[in-house]
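Analysis of the macromolecular model
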Amino acid sequence: NEPGYSAAMEPTIQNLDDGRIICLLRTMTGNIYYCVSSDSGETWTEPKILHHVPGGPPILHPNSPCVLTKMTCGLYLLFHHNNDGTANGGSGPEDSKSRRPVWVSIGREIDNPNGQPITFDTPKEFYDNGGESRPYAGSLALYGSFFEYGGSYYWWYPDAMRFLLGKIVPDNITNSPSL
C-alpha cells in the first residue's frame, strides 16, 4: 500500500567458505533478498532476489524471517514458506495466513564471485500446524534455531509465537540422496 516502502529486515547471516559473508533479508515483495560482503560486513553488494539457481526461479517467501543455517558438512539449510504470500488464502506478502507450512531447501556453495554464491535444491515440506484456529496459530513465523548435536539435527521454533517446540530433523531431509 506504500510504493517505495522498504521492509527488508531481520537479516540472517552466514560465512561462506571463500571468506565472504552472505546475508538474507525478509521483505514484503514475496521474495527473499540476498547481499554479499567481501570485507567483513563493511560494505555490501546491492540486494537482489534469491533464486534456486542463478537465472532460475526465485525462492518465494512472504514477509516472515528466512533462516539460513550452515551445517558442519558445509551444506546449508534454508527454512522458508515457499509461497509469495497468497497461500492458505493470504492476500499478499504481508498476510500472516501465508506463513505456513515451513519448507526446507538444501544449499551448496558455487563458484560465482559476482553473483549468488549458493544454489538451492527443490524445497521439501518440513512442518505444518494445519492452520489451527487458536489465536496466531495460522502463522508459523520462522523465529527458530537449528543445531547439530550427537550426529542428529534439531530445530526449535515457536508455534504461533506462544509455544516453544522442538523437532528432530528427519533423516529424509538431512540424509537425502541429493546431499
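Please refer to the structure placed before this passage.
Summarised in this report is the structure supplied together with it.

What counts, and where the lines are drawn
- Residues numbered from 1 in each chain as written.
- Predicted model: local features only at pLDDT ≥ 70, side-chain atom pairs only at ≥ 80, totals over all residues.
- Heavy atoms only, no water.
- Helix = DSSP H or I, 4+ residues; strand = E, 2+ residues; numbered from the N terminus.
- Buried < 20%, exposed > 50% of the residue type's maximum accessible area, 1.4 Å probe, protein only.
- Contact = heavy atoms within 4.5 Å.
- Pairing = 2+ DSSP bridges.
- Salt bridge = Lys/Arg side-chain N within 4 Å of Asp/Glu carboxyl O.
- Phe/Tyr/Trp six-rings, centres within 6.5 Å; stacked < 30°, edge-to-face > 60°.
- Core = buried A, V, L, I, M, F, W, Y, C linked by side-chain atoms within 4.5 Å.
- Polar contact = N/O pair within 3.5 Å; in protein donor to acceptor, adjacent residues only side chain to side chain.

1. Remarks on the overall build of the protein
From N to C terminus, the protein includes one helix and 12 strands. Along the protein, helices (α) and strands (β) appear in the sequence β-β-β-β-β-β-β-β-β-β-β-β-α when read from the amino end. Across the 179 residues of the protein, 46% fall into the buried class. Here the contacts in the protein between residues at least 6 apart in sequence split such that 45% fall between residues at least 24 apart.

2. As for the sheet that holds strand 1 (residues 9-15)
Pairing in this open sheet of four strands is antiparallel, and the strands run 1-2-3-4 from one edge to the other. If you trace the sheet from one side to the other, it starts and ends with strand 1 and strand 4 (48-49), each paired once. Summarising the sheet, strand 3 (residues 33-37) and strand 4 pair through two bridges and their orientation is antiparallel. Residue pairing across strands places Tyr 33 opposite Ile 49, the latter belonging to strand 4.

3. Description of the pattern of salt bridges
A complete count under the given rule lists five salt bridges for this structure. Across the pair Lys 70 and Asp 17 runs a salt bridge, and its minimum N-O distance is 2.6 Å. Taken as a pair, Lys 70 in strand 5 (residues 67-70) and Asp 17 in the loop between strand 1 and strand 2 (21-26) lie far apart in primary sequence, 53 residues in all. Judged by its relative accessible area of 58%, Asp 17 is exposed. Lys 70 is the partner of Glu 109 in a salt bridge, and the nearest nitrogen-oxygen pair spans 3.6 Å. Here Glu 109 is found in strand 7 (residues 102-109), whereas its partner Lys 70 is found in strand 5, with 39 residues between them in sequence. Salt bridges here are not isolated pairs; linked through shared partners, they connect Asp 17, Lys 70 and Glu 109.

4. Describing the packing of aromatic side chains
The tally for this structure, following the rule as stated, stands at six aromatic pairs. Pairing Phe 126 with Tyr 127 gives two aromatic rings, centres 5.3 Å apart and planes at 65 degrees, and the pair type is edge-to-face. Accessibility classification places Phe 126 together with Tyr 127 in one group, the buried group. Taking 5.1 Å as the distance between ring centres and 20 degrees as the angle between the ring planes, the aromatic pair formed by Phe 147 and Tyr 154 counts as stacked.

5. Side note on the nonpolar core
Counting 15 residues, the largest nonpolar core has Leu 77, Phe 79, Phe 126, Phe 146 and Trp 155 as the members making the most contacts within it. Mapped by element, the contributors of at least two residues to this core are strand 6 (76-80), strand 7, strand 9 (124-127) and strand 11 (152-159). Core analysis: the second largest hydrophobic core is formed by 14 residues, Leu 24, Ile 59, Tyr 76 and Phe 120 among them.

6. Considering the environment of Ile 106
Relative to the assigned elements, Ile 106 resides in strand 7. A sequence separation of 30 residues divides Ile 106 from Tyr 76, and the C-alpha atoms of the two residues are 5.7 Å apart.

7. Considerations on the side chain of His 61
The residue His 61 is located in the loop between strand 4 and strand 5 in this model. The exposure class of His 61 is buried, given its relative accessible area of 0%. From its side chain, His 61 meets the backbone oxygen of Ser 64 in a polar contact 2.8 Å long.

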